[in-house]
Amino acid sequence: PAAPVVETLTLGADAYFDFDKATIKPAGRAKLDRLSSDLRRVASVSSILIVGHTDSKGTEEYNQRLGQRRADSVASYLVSRGVPASLISTQSRGELDPVAPNTLPNGRDNPQGRALNRRVVITVTAQEKVINQ
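Residues numbered from 1 in each chain as written. Predicted model: local features only at pLDDT ≥ 70, side-chain atom pairs only at ≥ 80, totals over all residues. Heavy atoms only, no water.

**Side note on the sheet that holds strand 4 (residues 119-126)**
Working step 1: In space, the 4 strands of this open sheet follow the order 1-4-2-3, with mixed pairing throughout. Bordering the open sheet on either side are strand 1 (5-12) and strand 3 (88-94), each of which pairs with just one other strand. This sheet shows a mean twist of 20° between the axes of neighbouring strands, independent of strand direction.
Working step 2: As defined by bridge partners, strand 2 (residues 47-53) adjoins strand 4 across 7 bridges and the pair is classed as antiparallel. Bridge pairing links I48 to V124 in strand 4.
Working step 3: The sheet contacts of helix 2 (residues 26-41) involve strand 1, strand 2 and strand 4, and relative to strand 1 the element is tilted by about 165°.
Working step 4: Packing of helix 3 (residues 60-80) onto the sheet brings it into contact with strand 1, strand 2, strand 3 and strand 4, and relative to strand 3 it is tilted by some 155°. (Pairing = 2+ DSSP bridges. Helix = DSSP H or I, 4+ residues; strand = E, 2+ residues; numbered from the N terminus. Axes fitted to C-alpha atoms, helices over the stretch in contact; angles between N-to-C directions. Contact = heavy atoms within 4.5 Å.)

Laid out in structure tokens, this is it:
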């Protein structure tokens, strides 16, 4: 059999989550609507991993839970749009995998960096390309 196609879609905080929130914004819902129709169109999807991430404000334990709430809210939304729950798994990395510095070199807060770290990463594994965005 052919090697699986693994694709990643990162949902950035600007469109998805406000600080300390797990509620998906309208722009995020629009993107997830497109993703769910892509996922429903392809029969060979074998797994969808949804990982929540946070910035470094707050305790590590708190951020672990917040990341999980974000991942779960994206998973629930996809299921509500007809994506089979059996394909989806969720986890949280909390603040452990930043993609940008949470603070500037001088130690001051870096709001832009923290915003980039508030994200959900969706990894889709299938036998063909799925994501059209």
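There is more to say after this.
**Some thoughts on the nonpolar core**
Working step 1: Counting 24 residues, the largest nonpolar core has L32, L39, I48, I50, V74, L78 and I122 as the members making the most contacts within it.
Working step 2: Broken down by element, the residue count for this core peaks at 5 residues, all from helix 3.
Working step 3: Excluding residues that lie within four positions of it along the chain, I50 makes contacts with A71, V74, A75, L78, I88, S89, T90, Q91, V120, V121 and I122. (Core = buried A, V, L, I, M, F, W, Y, C linked by side-chain atoms within 4.5 Å. Buried < 20%, exposed > 50% of the residue type's maximum accessible area, 1.4 Å probe, protein only.)

**Some words on helix 2**
Working step 1: When the terminal C-alpha atoms of helix 2 are compared, their 23 Å separation across 16 residues agrees well with the 22 Å that a helix rising 1.5 Å per residue should span.
Working step 2: What helix 2 keeps buried is the set G28, L32, L35, S36, D38 and L39. On an axial view of helix 2, the arc spanned by its buried residues comes to 160°, and they lie on one face. (Expected span 1.5 Å × (residues − 1). Arc of directions from axis to C-beta.)

**Details of the packing of helix 2 against helix 3**
Working step 1: At their nearest, the axes of helix 2 and helix 3 sit 9 Å apart, and the two run at 55° to each other. Considering their axes alone, helix 2 and helix 3 lie oblique with respect to each other. Along this stretch, helix 2 crosses helix 3, giving a crossing that reads as right-handed. Here R29, L32, D33, L35, S36 and L39 of helix 2 lie close against helix 3, whose contacting residues are V74, Y77 and L78. (Parallel < 35°, antiparallel > 145°, perpendicular 65-115°, else oblique. Left-handed = near helix turned anticlockwise from the far one by under 90°.)

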